[in-house]
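An overview of the molecular structure
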Amino acid sequence: MDEDQISVSWILNICVLPKRLENLGNNTSPDGYKLIVRSLPVLHSSAQFNLDSSRSTLRYDSRTTIFSPEGRLYQVEYAMEAIGNAGSAIGILSKDGVVLVGEKKVTSKLLQTSTSTEKMYKIDDHVACAVAGIMSDANILINTARVAAQRYTFSYQTPMPVEQLVQSLCDTKQGYTQFGGLRPFGVSFLFAGWDKNYGFQLYMSDPSGNYGGWKAAAVGANNQAAQSMLKQDYKEEISREEAVQLALKVLSKTMDSTSLTAEKLELAEVFLDGGKVKYQVCSPENLGKMLVKYGVTQAPVDT
Amino acid sequence: MECVFGMVGKGFALVVADTSAVNSILVHKSNEDKIMVLDSHKLMGASGEAGDRAQFTEYVQKNVSLYQFRNGIPLTTKAAANFMRGELATALRKNPYMVNIVLAGYDKETGPSLYFIDYIATLHKVDKAAFGYGSYFSLAMMDRHYRPDMTVDEAIHLADQCIEEIRSRLVVAPQNFVIKIVDKDGAREHSWRRTTKD
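For every chain, the first residue of the written sequence is number 1, and numbering continues from 1 along that sequence. Labels are handed out in written order, letters beginning with A for the chains and numbers beginning with 1 for the ligands. Since the coordinates come from a predicted model, pLDDT governs what is reported: local features require at least 70, and pairs of side-chain atoms require 80 or more to be given and counted, while whole-chain, interface and lining totals use all residues. Excluding hydrogens and water, the side-chain values take into account all heavy atoms of the structure.

**Some points on the overall build of chain A**
Secondary structure elements follow DSSP: runs of H or I of four or more residues count as helices, runs of E of two or more count as strands, with numbering from the N terminus. Regarding its fold elements, chain A presents seven helices and 10 strands. With a 1.4 Å probe rolled over the protein chains alone, any residue whose accessible area is under 20% of its type maximum counts as buried; one over 50% counts as exposed, and the rest are partly exposed. Evaluated residue by residue, chain A yields a buried proportion of 43% over its 303 residues. Contacts in chain A between residues at least 24 apart in sequence constitute 58% of all its contacts with a sequence separation of at least 6. In the structure as shown, chain A presents an accessible area of about 17,000 Å², 53% of it carried by carbon and sulfur atoms. Throughout, a contact is declared for two residues whenever any of their heavy atoms are within 4.5 Å. Here the open area of atoms and residues is found with the Shrake-Rupley method and a 1.4 Å probe, where only the protein chains shown may cover a residue.

Printed below as a string of structure tokens:
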């Protein structure tokens, strides 16, 4: 029995199901497969095959919640694959702030985006995140995170600790790998935030619901190359300005496009300003100047 | 009848409560502890319906420790106070808890603090607070003698003055009182003021 036959007979099954339900008494279907039909009510009956299991992986990757015989969850791995093709984002933790940079994938010159940033989102006054992956999935999760943060403030009148926020979001992500039937969220996040207990923090999360605290992290396309460059160039006690410089350098080297322009980039920072947490997005003009200053790109030649 | 009060001093906060379990005109018990040690640095003095008091204080205590287990960091006194207020406010339109709370705590960043929370979910951060029949006497006494920079000895003396006033002016004065204190070293029982043996 190969895979094609199985899928074909599935379709057949759906077609003939109403007929089968009529003669519930006999548990053998016309095409010879044994049917396991639960007792009434009829609407909830389920048809199931009694097939010899073939050891092909294809049988497992349509299910998000079922392990393959090798102990893998294919849908989760595919979700991570999807992120590997998305525009990348880099986060660096410095002693006086957290820096996030992201690569925007410009799909069309005619496209006008409604928001000022498309990869960076403010979750609460003290937490922001960068996204890599399917944006429509990300929007759902960002909303969940914002609700969680406000719920917490409503309960305790104190800003939500960053790790708790990340954890609550990752619990949601994890849920879709176990109570699925649907698919996991195809999103990786970089969370940058500050709280009074642990100061500045940077977290990275993936579709499986795993998360960890990092000094420097990369998600999206070429994240492994970026990660190893960060590993090489990251210094302890790095300042925020140096972190911006490093992030831009790493992103320019790992991006597929040859020239790095301000239009393709987004830069956001979380830092303390007079004892208060501030989230600041760099304007395209300043970003352009910064790229020239750090020697990432050449200054445009006036003609 | 019930007397629960508290005040903030220099680097500490204290809570005093009567220890009578009363039903109608009958005193069942005179060593009922109405001040719960919520966690290492929080005291929760409560007055009101005995069953509700036990239920609510334990519910809060368990939630505070659940939070600590889950997140590895304790709730601040402010956060705990707001949590209690939230719980009382949700209960208020369903099946209200008849409890009034004096919450004292000590936090590293903010130092000692005292919160007044009543059964209709009012929350105030205060220097001195009181509930029950004893509040008429203890509030007056504290208005006259309280200073924010009091030492532990001075504050205990003031608490004794309050207790003295309650005992001499209140018809239904309780026999015994317990005093608990919270400072940088934690929350603990300070002493008892007894007129009857258990």
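Alright, that's what it looks like, and here's the rest.
**Focus: the overall build of chain B**
The helix and strand tally for chain B stands at four helices and 12 strands. In terms of its C-alpha atoms, chain B occupies a principal-axis envelope of roughly 45 × 40 × 30 Å. The buried share of chain B, taken over its 198 residues, is 51%. Excluding contacts between residues fewer than 6 apart, the proportion of contacts in chain B whose partners are at least 24 apart in sequence is 59%.

**A word on the sheet that holds strand β2 (residues 97-103) of chain A**
Residues and elements named next belong to chain A. Strands were regarded as paired on the criterion that DSSP finds at least two bridges between them. Strand order in the open sheet formed by five strands is β8-β1-β2-β9-β10, and the pairing between neighbours is antiparallel. The sheet terminates laterally at β8 (216-219) and β10 (276-281), the two strands that pair on one side only. Strand after strand, the sheet turns through a mean of 10° between neighbouring axes, direction not considered. Axes here mean lines fitted to C-alpha atoms, for a helix over just the part in contact, with angles spanning 0 to 180 degrees between N-to-C directions. Against the sheet, helix α5 (residues 223-233) contacts β1 (89-94) and β8, and its axis sits at roughly 170° relative to β8. Sheet strands in contact with helix α6 (residues 240-254) are β1, β2 and β9 (265-273), and its direction is about 20° off that of β2.

**Quick look at the packing of aromatic side chains**
For Phe, Tyr and Trp, rings pair up if their centres lie within 6.5 Å, where Trp contributes its six-membered ring, and each pair is then called stacked (planes under 30 degrees apart), edge-to-face (over 60) or tilted (otherwise). Enumeration over the complete set of coordinates arrives at 10 aromatic pairs over all chains. Taken together, a centroid distance of 4.7 Å and an interplanar angle of 50° make the contact between Tyr152(A) and Tyr156(A) tilted. One end of the pair, Tyr152(A), and the other, Tyr156(A), are both in helix α3 (residues 135-156), four residues apart, so they sit about a helical turn from each other. Both residues of the pair, Tyr152(A) and Tyr156(A), belong to the buried class. Centre to centre, the rings of Phe189(A) and Phe191(A) are 5.3 Å apart; their planes meet at 40°, and the pair counts as tilted. A connected cluster of aromatic rings, assembled from ring pairs, spans Tyr152(A), Tyr156(A), Tyr67(B) and Phe83(B). Note that Arg240(A) overlies the ring of Phe271(A), its terminal NZ or CZ placed 3.8 Å from the centroid. We count a charge as sitting over a ring when the NZ of a lysine or the CZ of an arginine lies within 6 Å of the ring centre and within 35 degrees of the ring normal.

**Description of the state of the cysteines**
Residues and elements named next belong to chain A. Throughout, disulfides are identified as pairs of cysteine sulfur atoms within 2.5 Å of each other. As enumerated under the stated definition, the model contains zero disulfides over all chains in all. With no disulfide of its own, Cys282 lies 18 Å from the sulfur of Cys129, the closest cysteine sulfur. Look at Cys282 and you get buried, because its relative accessible area is 15%.

**Focus: the side chain of Ser30(B)**
Here Ser30(B) is to be found in the loop between β4 (26-29) and β5 (35-39). Note on Ser30(B): relative accessible area 11%, which makes it buried.

**Focus: helix α2 (residues 77-92) of chain B**
Working rule for helices: expected span equals 1.5 Å times residues minus one. In this model α2(B) runs 22 Å from its N-terminal to its C-terminal C-alpha over 16 residues, within 8% of the 22 Å that 1.5 Å per residue would give. By the burial criterion, the buried members of α2(B) are Thr77(B), Ala79(B), Ala80(B), Ala81(B), Asn82(B), Phe83(B), Met84(B), Leu88(B), Ala91(B) and Leu92(B).

**Some points on the packing of helix α1 (residues 50-71) of chain B against α2(B)**
For any two helices packed against each other, one specifies the crossing angle of their axes together with the interaxial distance. All names here are of chain B. Between α1 and α2, the least distance of the axes is 11 Å, while the angle of their chain directions is 130°. Accordingly, the angle class assigned to the pair α1 and α2 is oblique. In this structure, α1 crosses over α2, and the sense of that crossing is right-handed. When α1 is examined against α2, the residues Phe56, Tyr59, Val60 and Asn63 are found in contact with a partner set consisting of Phe83, Met84, Glu87 and Leu88. Charged residues are taken to be Asp, Glu, Lys and Arg, nonpolar residues to be Ala, Val, Leu, Ile, Met, Phe, Trp, Tyr, Cys and Pro, and polar residues to be all remaining types, Gly included. Along the lines of polarity and charge, the residues of the contact of α1 with α2 split into six nonpolar, one polar and one charged. By the definition adopted for this analysis, an angle is roughly parallel if under 35 degrees, roughly antiparallel if over 145, roughly perpendicular if from 65 to 115, and oblique otherwise. In a left-handed crossing the near helix is turned counterclockwise from the far helix by less than a right angle, and in a right-handed crossing that turn is clockwise.

**Regarding a nonpolar patch on the surface**
Residues and elements named next belong to chain B. Patch membership is restricted to residues that have no salt bridge and whose relative accessible area is over 30%. Joining uses 9 Å for like charges and 5 Å for the nonpolar side chains Val, Leu, Ile, Met, Phe, Trp and Tyr. When a carboxyl oxygen of Asp or Glu is within 4 Å of a side-chain nitrogen of Lys or Arg, the pair counts as a salt bridge. A surface patch of nonpolar side chains, amounting to about 710 Å² of accessible area, comprises Met1, Val22, Val27, Tyr133, Tyr136, Val171 and Val172. Tracing the chain through its elements places Val171 in the loop between α4 (152-169) and β11 (177-183). For Val171, a relative accessible area of 83% gives the class exposed.

**Digging into the interface of chain B and chain A**
Accessible area lost upon the coming together of the parts is a frequently used measure of interface size. The interface of chain B with chain A comprises 12 residues on the first partner and 11 residues on the second. A per-residue breakdown of the area chain B buries against chain A is headed by Tyr67(B), Ile73(B) and Asn82(B), which together make up 43% of the total. Taken together, the links from chain B to chain A amount to one salt bridge. Under the rule applied, a polar contact is a pair of N or O atoms within 3.5 Å (in protein, one hydrogen donor and one hydrogen acceptor; residues adjacent in sequence only if both atoms are side-chain atoms). Linking chain B with chain A are five residue pairs in polar contact (both at pLDDT 80 or more). Broken down by secondary-structure element, the contributors of at least two residues to the side of chain B that touches chain A are α1 and α2 of chain B. Per-element accounting of the side of chain B that touches chain A gives the leading share, four residues, to α2(B). Among the residues forming the side of chain B that touches chain A, the class breakdown is five nonpolar, four polar and three charged. Once two parts are joined, some of their accessible surface, as seen by a 1.4 Å probe, is lost; buried area is that loss totalled over both.

**Comments concerning unusual backbone geometry**
Residue and element names in this part refer to chain A. Not every positive phi belongs to a glycine, and Gln157 is a case in point at roughly 55°. Here Gln157 falls in the partly exposed class, since its relative accessible area comes to 42%. In the Ramachandran plot, Glu237 falls in the positive-phi region, its phi being about 65° despite a non-glycine side chain. Relative to the helices and strands, Glu237 is located in the loop between α5 and α6.

**Some remarks on the environment of Val166(A)**
Residues and elements named next belong to chain A. Here Val166 lies in helix α4 (residues 162-178). Residues Val166 and Ile142, spaced 24 residues apart in sequence, show a C-alpha to C-alpha distance of 11 Å. Beyond its immediate sequence surroundings of up to four residues, Val166 is in contact with Phe191, Tyr203 and Tyr211.

**Regarding the pattern of salt bridges**
Counted according to the given criterion, the structure contains 22 salt bridges over all chains. Among the ionic pairs, Glu77(A) bridges to Arg72(A), the shortest N-O distance being 2.9 Å. Given the relative accessible area of 29%, Glu77(A) is considered partly exposed. Given the relative accessible area of 36%, Arg72(A) is considered partly exposed. One continuous salt-bridge network, built from bridges that share partners, spans Glu2(B), Asp18(B) and Lys34(B).

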